[in-house]
Structure formats: C-alpha cells, structure tokens
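Now for the letters of each chain:
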Amino acid sequence: MFNPDFESMPVTKLKELQLERLKWSVRHAYENNAVYKRKFDAAGFHPDQLKSLDDLRRVPFLTKHEMREASPFGLFAKPMKDVVRLHSSSGTTGNATVVGYTRQDLDTWATLIARCLSACGATEEDIVQVAYGYGLFTGGLGLHYGVEKLGATAVPISGGNTDRQLMLIRDYGTTMLACTPSYAINMIDFAAKQMPDFDFKKSKLRRAIFGAEPWTEAMRKEIETRMGIDAYDIYGLSEVMGPGVSNECSAKQGLHVFEDHFLVEIIDPETGEVLPEGSLGEIVYTSLTKEACPVIRYRSRDITRLYRDVCSCGRTHIKMDKVTGRSDDMLIIRGVNVFPSQIETILMEIEGVEPHYQIIVDRKGTMDDIEVMVEVEEAIFSDELKVMNALRDRITNRFRSVLGISAKVTLAEPSSIARSQGKAQRVIDKRK
Ligand code: DLL
C-alpha cells in the first residue's frame, strides 16, 4: 500500500476522520462559493448543523446541470491566483465542465494515483506507458504525476500513434500500460494486422490500469489473455478529481473508494432517496479535502453498488462494483432496460466474434429500434452464407433469451468499425 495508515485505517477511525473533514469541506464550500451558499441557504441548511455523517442528508444535491450552468469557474472556492491547473470533463453528455486544482489538490491527486498503481502491484521498478490522452482530459496528466509520485518511470506518449506505442513497449521494456480498455483492444488488433513480428507475450508488459469507460469481465479476460497481462480497473470523473477516485486491488472484486478523500452515497436516481448499502443506484460524491473545486453531494449519474467487506488486500475502504454504465447510457428498448455493457458481455461469449462492436438506436414511429453491429473473424466473414447466418441467429437468440430484446444483428467485416484512441463510442443514438 502506498499510504497504509490511511488505506487500512480501522473503519471507526476512518468515519471520525471523514466527519472532521466533511465539516471542513462543507463550510469551505459555503463560505467561499456563492453558488453553494445560495443553495444551502435556500434549503435552510447551515454548516453549523452538521454534527454527524448522517446530517449530510440535509444538504441539497449538486447536479450536472448546475455544474454546467456555473461553468467555467462558478463553483471554484479559491481565487484564481491559487488555482494552478485547469482540466475539463470529456463532455460526452452535454457541454464539458471545467475543473480547477490548487497545488495541494494536485498533490492529493498524485498521491491517490500512486495508491492506485500500488494497488495494481506496481513499484518504483515499473516503466509505465501513459497512453491516456494528455491535455484537458484528466487521464494523461492524472496518471502521469501519480507514476512519478510512486517513483516509477513515466513514458508520456499520450493516446494514438499505435505503431509507436508498440515500438516503445518493445524498445523501452514497458512493464505497465495505462489507457482505455478499448484502446488496448485497438493496440492488439493493430499488432496482429500490421506488425506480425510483434508479440505482447514476448514483451516485458505485465500489468495494465484501464478505465475512463465501462468494460466487462469478459473484456478483461480477452485483453489479459491476448496481452499476457494482469488488468486492473481504475475509475474516476473530472468533476470529482479525475482518475483515482477508486481502484481495484489484488482481489479484483470491486474498486476501493478512497474514503479519506471522498464520501460516497447511493441514491435512487428517480426519487433521490438514499439507499442502504448493497443497493444498486446512482453514486453521489462529496469531496472531503478538495480546495479549488469542492463537490458536495454531486450526482454522478454512474450506476453501481457499494459494500464493505473484509478484503484480502487489507484495505478497509468501501468498495464499489465495476461501473456498468451511466443512467443516461441506459437504453430503453420497448420498455426493457439495457446497458451497453450487457450487450458486450453476450458478444464476448460467442466464438468467431471480435471485440469491436457498435450499438445503433433509432426510433421507428413510437418504437425504439436497436441494431448491434459486430465484427467477425476474417475466416468467418469470407465463409459461406450459411455459416454467417447461423452465427447471426445465435447472437440474435442470445439477446432475446438473456436480455429479452429483439435486436437486429449485423455482422461486419473485420476492421470496418471505427477504432478508439480514447473513450470508445459504443452507442450511436439517432433519436437525439
Ligand atoms: O474518464 C477520468 C478517468 C481517466 C478515469 C482515466 C479513469 C482513467 P471523465 O472524462 O470526466 O473522466 O469521465 C468520467 O467516465 O462518470 C464514468 O461514467 C466513466 N468512467 C470513468 N472510469 C470508468 C471505469 C474520466 N473504470 C466518466 N468504468 C465517469 C466505467 C468509467 N466507467
């Protein structure tokens, strides 16, 4: 562990620390930001009323919409002279949100990423190729400073330039890869097609830290087998900090949320009611130490579950399930709720199918229509029509029996679906 005192702190002590920090954070937001002051006043809440962690329920939620309205700097609680870096959310839904960091915030962030890398088994001996995009996106620079904080070696290549990525893995002896899982699949595909003499299994690559988008267990297995590595999940969101809000440990059963810096709740996305531990719902974040951009009860729209168990890694921090999607990614197909990740799981179980797919949603009259396009192996694509038809029927039947939806399945030629260098665009929603 990078910070054993904090990461394995007994839960009662951890809660005491959270309460102390929560009081500071809520007061900091109230006293130094006009938007928070207005919201708290309107809800009849004053920071003096916060006596226990449960009192947080009296505080109003902060929505993505409010964040955007306040953009660029309306939710800052420090003067610009103290803000040393800006980043922005990727803006997948609506406009991007701008976030700021003080020197202290950047130090906390780097420390939390160092914790994540350590949780994946990395040490200062590792050479970490940071293939998340550098720039306003938090992935590249976020990982970068964490690698340096750990004392490992950062290779700041950013996303793209796939041939160069592979050359550096070989020439620099990269031991760890940091990128989106979809970009890792892209690298595997590129190597197979364009660099036949490149073999991941002969490289020094041993582990990877993948995140920034949902990815299934089936996808993990696929990448681990093809690259000959151990792959871990890193989660985060710009509004709350960037990558490093939570990370998997050696147990690979859920992601520990760094509770000494973030307080988490699960709510019913429809009613806003706080749900008991173990329930599936929307995760809500409250920052406990952030200076420039505190978030108080921020509704992330990410859907997951929280639970505290005795983890084999020794960390005491609460765990969240792998995020399967955001509430706004959920497709409602003729009344049936489907997440793209459920479609991925089915596709990855079927032999002959490649891990490249896209989901197209449209509305015909009043009915939602879904088409799943998936690439198939070269040999199958050039095979007889009979083989193709049988494969298409198998996939269609699995969608019907497992998810209860009837989807049009299109088997696509190898390499015909756009490859990602960052976050993959899995869903094309023509209804919007
Ligand atoms: O994606 C931060 C990040 C960078 C995380 C690199 C991990 C690695 P945003 O661009 O603001 O920030 O997007 C945040 O992406 O609310 C989730 O919906 C999704 N997301 C991020 N990590 C994961 C993950 C970065 N491991 C949004 N699994 C979040 C599933 C993820 N979804």
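If you're wondering where the values come from, they're calculated on a predicted model, not measured in any experiment.

The rules behind the values
- Residues numbered from 1 in each chain as written.
- Predicted model: local features only at pLDDT ≥ 70, side-chain atom pairs only at ≥ 80, totals over all residues.
- Heavy atoms only, no water.
- Buried < 20%, exposed > 50% of the residue type's maximum accessible area, 1.4 Å probe, protein only.
- Helix = DSSP H or I, 4+ residues; strand = E, 2+ residues; numbered from the N terminus.
- Pairing = 2+ DSSP bridges.
- Axes fitted to C-alpha atoms, helices over the stretch in contact; angles between N-to-C directions.
- Parallel < 35°, antiparallel > 145°, perpendicular 65-115°, else oblique.
- Contact = heavy atoms within 4.5 Å.
- Nonpolar A, V, L, I, M, F, W, Y, C, P; charged D, E, K, R; others polar.
- Domains from an automatic or database assignment.
- Buried area = accessible area lost by both parts, 1.4 Å probe.
- Salt bridge = Lys/Arg side-chain N within 4 Å of Asp/Glu carboxyl O.
- Polar contact = N/O pair within 3.5 Å; in protein donor to acceptor, adjacent residues only side chain to side chain.
- Right-handed = clockwise from strand over helix to strand, strands pointing away.
- Patch = residues over 30% accessible without salt bridge, like charges linked within 9 Å, V, L, I, M, F, W, Y side chains within 5 Å.
- Areas by Shrake-Rupley, 256 points an atom, 1.4 Å probe, with all protein chains shown as cover.

The next point concerns the pairing of strand β12 (residues 298-307). For a regular strand, the rule is simple: side chains alternate between the two faces of the sheet. Burial analysis of β12 places eight of its 10 residues in the buried class, the great majority of the element. Note that strand β11 (residues 280-287) and β12 share five bridges and pair antiparallel. Bridging from a neighbouring strand, Val284 pairs with Arg299 of β12. Direction of pairing for β12 relative to strand β14 (residues 325-326): antiparallel, over a ladder of two bridges.

Glancing now at the packing of helix α5 (residues 103-119) against helix α6 (residues 138-150). α6 packs onto α5 with a crossing angle of 75° between their chain directions and a minimal axis gap of 7 Å. Classified by the angle their axes make, α5 and α6 are roughly perpendicular. Contacts from Asp107, Trp109, Ala110, Thr111, Ile113, Ala114, Leu117 and Ser118 of α5 reach α6 at Thr138, Gly142, Leu143, Tyr145, Gly146, Val147, Lys149 and Leu150. Partitioned by chemical class, the residues of the contact of α5 with α6 number nine nonpolar, five polar and two charged.

Another aspect to go through is the domain arrangement of the chain. When its domains are assigned, the chain resolves into domain 1 (1-326) and domain 2 (331-429). For domain 1 versus domain 2, the distance between C-alpha centres works out to 30 Å. The interface of domain 1 with domain 2 comprises 25 residues on the first partner and 16 residues on the second. Carbon and sulfur atoms supply 55% of the area that domain 1 and domain 2 bury against each other, a total of about 1,700 Å² over both sides. Scanning the region where domain 1 abuts domain 2 turns up two salt bridges. As a salt-bridge pair, Arg419 and Asp189 come within 2.9 Å of each other at their nearest N and O atoms. Where domain 1 touches domain 2, the interface holds 10 residue pairs in polar contact (both at pLDDT 80 or more). Of all elements in the fold, only α8 (181-194), α9 (217-227) and β14 reach the threshold of two or more residues within the side of domain 1 that touches domain 2. Taken together, the residues of the side of domain 1 that touches domain 2 break down into nine nonpolar, 10 polar and six charged.

Okay, unusual backbone geometry next. The omega torsion across Ser71 and Pro72 is 5°, close enough to zero to call that bond cis. One non-glycine residue, Ser158, lies in positive phi territory at about 70°. Relative to the helices and strands, Ser158 resides in the loop between β4 (153-155) and α7 (162-172). Residue Ser158 is classed as buried on the basis of its relative accessible area of 18%. Its identity is not glycine, yet Arg297 carries a phi of approximately 55°, on the positive side. Here Arg297 is to be found in the loop between β11 and β12. The buried category is assigned to Arg297, whose relative accessible area is 3%.

Now for α9. Looking only at α9, the buried set comprises Met219, Arg220, Glu222, Ile223, Glu224 and Met227. Looking one or two residues beyond α9, the residue adopting positive phi is Gly228, at roughly 70°.

Pairing geometry for strand β3 (residues 127-130) and β4, over three bridges, is parallel. Counted as the bridge partner of Val128 is Ala154 from β4. One crossover worth recording links β3 to the parallel β4 by way of α6, and it is right-handed. Pairing analysis gives three bridges linking β3 to strand β5 (residues 176-179), with the strands arranged parallel. Following the sheet pairing, Val130 is matched in β5 by Ala178.

With that settled, the discussion passes to a nonpolar patch on the surface. A cluster of nonpolar side chains, Phe73, Met80 and Leu86, forms an exposed patch at the surface whose accessible area comes to about 250 Å². In this fold, Phe73 is placed in the loop between α4 (64-70) and β1 (85-88). Residue class for Phe73 comes out partly exposed when judged on its relative accessible area of 36%.

According to the stated counting rule, one finds 33 salt bridges in the structure shown. One salt bridge connects Glu31 with Arg27, and the closest N-O pair in it is separated by 3.7 Å. Remark: Arg27 and Glu31 occur in helix α2 (residues 11-32); sequence separation between them is four residues, near one turn of the helix. Residue Glu31 is classed as exposed on the basis of its relative accessible area of 52%. Here Arg27 falls in the partly exposed class, since its relative accessible area comes to 30%. Residue Arg419 pairs with Glu375 through a salt bridge whose shortest N-O separation is 2.8 Å. Taken together, the residues Arg419 in the loop between β19 (408-412) and β20 (427-429) and Glu375 in strand β18 (residues 367-376) connect sequence positions 44 residues apart. You can call Arg419 partly exposed: its relative accessible area is 25%. Owing to a relative accessible area of 1%, Glu375 belongs among the buried residues under this scheme. A single salt-bridge network, built from bridges that share partners, covers Glu7, Arg115, Asp260 and Arg315.

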